[in-house]
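Here is how the chains run, residue by residue.
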Amino acid sequence: MPCTSVIVAPPGAALAAPITRLPLVTLYLTERCNSRCVSCDYWRHGTQDLDLATVERLLPGLAELGTQTVLVSGGEPLLHPQWAVIAERLRRQGLRLWLLTAGLALAKQAEAVARHFEQVTVSLDGATAASYARIRGLDAFEVVCAGIRAAVRAGLHVTLRVTVQRGNAGELPALVVLARTLGVAGISFLAADVANDAAFGRHGAPADDVALRQEDLPALGRSLDTLAREHVDDIASGFIAETLPKLRRIEAHCRARLGLGALPPVRCNAPTHSAVIEASGAVRPCFFIAGPTRLDEAGLPAALNAPAARRLRADIDAGRHAECARCVCAKWFAS
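All residue numbers refer to positions counted from 1 along the written sequence of the respective chain. Per-residue local features of the predicted model are confined to residues with pLDDT of at least 70, and side-chain atom pairs are confined, for both listing and counting, to 80 or more; whole-chain, interface and lining totals are unaffected and use all residues. Only heavy atoms go into the side-chain values, all of them from the structure, while hydrogens and water stay out.

1. A closer look at the sheet that holds strand 2 (residues 69-73)
Inference 1: The criterion for strand pairing is that DSSP finds at least two bridges linking the strands in question. Only DSSP runs of H or I with at least four residues qualify as helices, and only runs of E with at least two residues qualify as strands; both kinds are numbered from the N terminus onward. The sheet built from 9 strands is open, its strands ordered 6-5-4-3-2-1-7-8-9 with mixed pairing. The sheet is open, and its two borders are formed by strand 6 (186-191) and strand 9 (293-294), each paired with just one other strand.
Inference 2: Of the pairings in the sheet, the one linking strand 1 (residues 24-28) to strand 2 comprises 5 bridges and is parallel in character. Its bridge partner being in strand 2, Tyr 28 is matched across the sheet by Ser 73.
Inference 3: Note on contacts: a residue pair qualifies if any of its non-hydrogen atoms lie within 4.5 Å across the two residues. Lines fitted to the C-alpha atoms define the axes, with helices restricted to the stretch that makes contact. Angles between their N-to-C directions range from 0 to 180 degrees. On top of the sheet, helix 7 (residues 172-182) reaches strand 5 (157-164) and strand 6; it is set at about 150° to strand 6, its chief contact.

This is the structure in structure tokens:
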């Protein structure tokens, strides 16, 4: 589905309420990545690392907004030469740290990661070496699995995140079995975003092999049926993070993109409870929508509550952003 234009409210439009509390911040340490994923272009174009001065400018705002958790991401955050220094500075602020990583460096750095992070999520999109290589562009399946095991041994709370796409639509039950074998605390599934050309460092539409085609839908349906039939306990316990209706939403989203049904309804308040800060200092309301402000000397509250940012949130609330209707990652934060 092509990305349609966005209707932005004029400068005189009503402003959303200012943000006074922000429980979660996602912080991109770098645009660089050592994976070669078909769904992402950071590895093609990413060059910038977050600098320590930007981190220092961020800290007072996190305290003022009562931020509790920082999700450290990228790119591949462990490529940043000062990732541990940044993590230590954030921890001294009393923040809980959560690492999102491709896992290629985790075997070597598991002990260091365990000193700084409470939780780690590893992106693992293939249940076998062959499917991993097709999707992530590297023959590194065993390396990543070794890193996951090392992180578990180091005492970290480790989960897996699977981006559901053509290359793994038939592997979802096998990925749950793999998660159990690796000893992690859980696994989650998210439909690959193919509607937003500006997401994940892309400079255009994602590769043709990402989005499911009509002939791929039966494999996805069988995968979901198997999860519903053979992994009832894993769903009920939360080992699989999504409920069965949320898992079925992945299929509905894929069918809608192919014109075979309506898009599933979206309920999301992420832009009022979280923010994404890029390695460049740009501040986004979520992963998929670019923001109009940057983190500068005035700090994070000023960036979030500038008139342009408040107009953008009002625009999102009014349903004028097509990205929201097509969103694969809607989040609802309890007040």
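Here the narrative resumes, following the displayed structure.
2. Description of helix 10 (residues 244-257)
Inference 1: Take the residue count of a helix, subtract one, and multiply by 1.5 Å to get its expected span. Given a rise of 1.5 Å per residue, 14 residues ought to cover 20 Å, and the 20 Å separating the end C-alpha atoms of helix 10 matches this to within 8%.
Inference 2: Burial classes follow relative accessibility: with a 1.4 Å probe on protein chains only, a residue under 20% of its type's maximum area counts as buried, one over 50% as exposed, and anything between as partly exposed. Listed as buried for helix 10 are Leu 247, Ile 250, Glu 251, His 253, Cys 254 and Ala 256.
Inference 3: In this structure, the buried residues of helix 10 make contact with strand 5, strand 6, helix 8 (217-230) and helix 9 (232-237).

3. Here we look at helix 7
Inference 1: All of the buried residues in helix 7 are Leu 172, Pro 173, Leu 175, Val 176, Leu 178, Ala 179 and Leu 182.
Inference 2: On its buried face, helix 7 is in contact with helix 6 (141-153), strand 5, strand 6, helix 8 and helix 9.
Inference 3: With its phi angle positive at about 80°, Gly 183 sits one or two positions after the end of helix 7.

4. Structural notes on empty space enclosed by the protein
Inference 1: Only protein atoms enter the 1 Å grid used here, on which a cavity is any set of points holding a 1.4 Å probe that cannot leave and a pocket is any open set flanked by protein within 12 Å on both sides along at least five of seven lines; residues with an atom within 4 Å of a point are listed as lining. Grid points are joined across faces, edges and corners, and a volume is the space filled by probe spheres set on the points. Scanning all chains against the criterion turns up 4 cavities of 30 Å³ or more.
Inference 2: Roughly 90 Å³ of volume is contained in the largest cavity.
Inference 3: What lines the largest cavity is a set of 14 residues, and nearest its centre among them are Arg 284, Pro 285, Leu 304, Ala 309 and Arg 313.
Inference 4: Within the residue set of the lining of the largest cavity, elements represented by two or more residues are strand 8 (282-284), helix 12 (300-305) and helix 13 (307-317).
Inference 5: If you tally residues by element for the lining of the largest cavity, the top one is helix 13, at 3 residues.
Inference 6: Think of it as three bins: nonpolar holds Ala, Val, Leu, Ile, Met, Phe, Trp, Tyr, Cys and Pro, charged holds Asp, Glu, Lys and Arg, and polar takes everything else, Gly as well. Counted by class, the lining of the largest cavity contains 9 nonpolar, 3 polar and 2 charged residues.
Inference 7: Estimates place the volume of the second largest cavity at around 80 Å³.
Inference 8: Along the walls of the second largest cavity sit Val 164, Gln 165, Ala 191, Ala 192, Val 194, Val 210, Ala 211, Leu 212, His 253, Cys 254 and Arg 257, which together make up its complete lining.
Inference 9: Across the lining of the second largest cavity, the residue classes tally to 8 nonpolar, 2 polar and 1 charged.

5. Focus: the packing of aromatic side chains
Inference 1: Between 30 and 60 degrees the pair is tilted, below 30 it is stacked and above 60 it is edge-to-face, where a pair is any two Phe, Tyr or Trp rings, Trp via its six-membered ring, whose centres lie within 6.5 Å. Across all of its chains, the model carries 3 aromatic pairs by this definition.
Inference 2: Measuring from centroid to centroid gives 6.4 Å for Phe 287 and Phe 288, while their planes differ by 65°, and the two rings are edge-to-face.
Inference 3: With a relative accessible area of 28%, Phe 287 lands in the partly exposed category.
Inference 4: Taking the relative accessible area as the measure of exposure, Phe 288 reaches 8% and is therefore buried.
Inference 5: We call a charge positioned over a ring when the NZ of a Lys or the CZ of an Arg lies within 6 Å of the ring centre and within 35 degrees of the ring normal. The ring of Phe 239 carries Arg 180 above its face, with NZ or CZ at 3.6 Å from the centroid.

6. Quick word on the nonpolar core
Inference 1: Membership of the largest hydrophobic core comes to 81 residues, with the highest contact counts inside it found for Ile 187, Phe 189 and Leu 300.
Inference 2: For this core, the leading source of residues is helix 7, giving 6 residues.
Inference 3: Each residue touching Ile 187, except ones within four places of it in the same chain, is listed here: Leu 160, Val 162, Leu 175, Val 176, Ala 179, Phe 239, Ile 240, Ala 241 and Glu 242. We call a set of buried Ala, Val, Leu, Ile, Met, Phe, Trp, Tyr and Cys residues a nonpolar core when their side-chain atoms join them within 4.5 Å.

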